[in-house]
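Architecture at a glance
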Amino acid sequence: MATKIDKEACREAYNLVRDDGSAVIWVTFKYDGATIVPGEQGADYQHFIQQCTDDVRLFAFVRFTTGDAMSKRSKFALITWIGEDVSGLQRAKTGTDKTLVKEVVQNFAKEFVISDRKELEEEFIKNELKKAGGANYDAQAE
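In this text, all values refer to a predicted model and were calculated from it rather than measured experimentally.

**Here's the deal with the overall build of the protein chain**
In terms of regular secondary structure, the protein chain is built from 4 helices and 6 strands. The linear arrangement of helices and strands in the protein chain, starting from the amino end, is β-α-β-β-α-β-β-α-β-α. In terms of overall size, the protein chain behaves like a compact globule, its C-alpha atoms giving a radius of gyration of 16 Å where 142 residues would be expected to give roughly 14 Å. Counting only residues that meet the buried cut, the protein chain has 39% of its 142 residues in that class. Pairs at least 24 apart in sequence give 62% of the contacts found in the protein chain among residues at least 6 apart.

Structure, rendered in structure tokens:
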């Protein structure tokens, strides 16, 4: 059966994360049968990491505050999590299903495909976003 996405519900969750006035900094998009729907959401990145277990595959849209001494700004990441115990067929299907998610989640600085929990560490993601962000004025502050 072909995978579908609940675009309206997913777009609402996506916009909640993009809203700087919102406390919500992450949302997951999970499978409900053959449909991708919004999953959990929250204001604590560590709670997001707890959603990434070995037996699930999910997509996440996460807001990070990055920048340097000169400016702080929100950067967004699209994270595809594929747990170690996910079957080969589901792993392959996740790649094609991501195109559905990208119809909703269109603005992000960097995309990650992760199956190792160490790569979910907040500092690792922030450093990758910083590299993708261009100019770094932190060195001048020293």
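Structure shown, so let's carry the discussion forward.
**Comments concerning the environment of arginine 11**
Examined against the element boundaries, arginine 11 turns out to sit in helix H1 (residues 7-18). On the basis of relative accessible area, arginine 11 is assigned to the partly exposed category, the value being 29%. Put simply, arginine 11 and isoleucine 114 are 103 residues apart on the chain and 23 Å apart in space, counted from C-alpha to C-alpha. Setting aside chain neighbours within four positions, we find arginine 11 in contact with Glu103 and Val104.

**Section: the packing of aromatic side chains**
Evaluated as defined, the whole model comprises 6 aromatic pairs. Arranged with centres 4.8 Å apart and planes meeting at 50°, the rings of tyrosine 14 and phenylalanine 61 form a pair that is tilted. Within this pair, whereas tyrosine 14 is found in helix H1, its partner phenylalanine 61 is found in strand S4 (residues 57-67), the two being separated by 47 residues in sequence. For the pair shown, tyrosine 14 and phenylalanine 61 are each scored as buried. In this structure an aromatic cluster arises from ring pairing among Trp26, Tyr45, Phe48 and Phe64. Over the ring of phenylalanine 76 we find arginine 18, and its NZ or CZ is 5.1 Å from the ring centre.

**Some thoughts on the side chain of serine 22**
Relative to the helices and strands, serine 22 resides in the loop between H1 and strand S2 (26-32). Here serine 22 falls in the buried class, since its relative accessible area comes to 12%. A polar contact of 3.0 Å, which involves the side chain of serine 22, links it to the backbone nitrogen of valine 24. If near-sequence neighbours (up to four positions away) are discounted, serine 22 is found in contact with Leu16 and Arg63.

**Some thoughts on helix H3 (residues 88-104)**
Relative to the 24 Å expected for 17 residues at 1.5 Å per residue, H3 spans 26 Å between its end C-alpha atoms, a close match to the ideal helical length. The largest bend in H3 amounts to roughly 35° and is located at glycine 95.

**Focus on a negative patch on the surface**
Where like charges cluster on the molecular surface, the negative patch consists of Asp54, Asp55, Glu84, Asp85, Asp116, Glu119 and Glu121. Relative to the helices and strands, aspartate 85 resides in the loop between strand S5 (72-82) and H3. A relative accessible area of 60% places aspartate 85 in the exposed class.

About the cut-offs
Residues numbered from 1 in each chain as written. Predicted model: local features only at pLDDT ≥ 70, side-chain atom pairs only at ≥ 80, totals over all residues. Heavy atoms only, no water. Helix = DSSP H or I, 4+ residues; strand = E, 2+ residues; numbered from the N terminus. Rg over C-alpha atoms; globule rule 2.2 N^0.38 Å. Buried < 20%, exposed > 50% of the residue type's maximum accessible area, 1.4 Å probe, protein only. Contact = heavy atoms within 4.5 Å. Phe/Tyr/Trp six-rings, centres within 6.5 Å; stacked < 30°, edge-to-face > 60°. Lys NZ or Arg CZ within 6 Å of the ring centre and 35° of its normal. Polar contact = N/O pair within 3.5 Å; in protein donor to acceptor, adjacent residues only side chain to side chain. Expected span 1.5 Å × (residues − 1). Bend = angle between axes of the 7 residues up to and from the residue. Patch = residues over 30% accessible without salt bridge, like charges linked within 9 Å, V, L, I, M, F, W, Y side chains within 5 Å. Areas by Shrake-Rupley, 256 points an atom, 1.4 Å probe, with all protein chains shown as cover. Salt bridge = Lys/Arg side-chain N within 4 Å of Asp/Glu carboxyl O. Lys, Arg positive; Asp, Glu negative; His and termini not counted. Charge placed at Lys NZ, Arg CZ, Asp CG, Glu CD.

Spatial relationships are all this shows, so hold off on functional conclusions.
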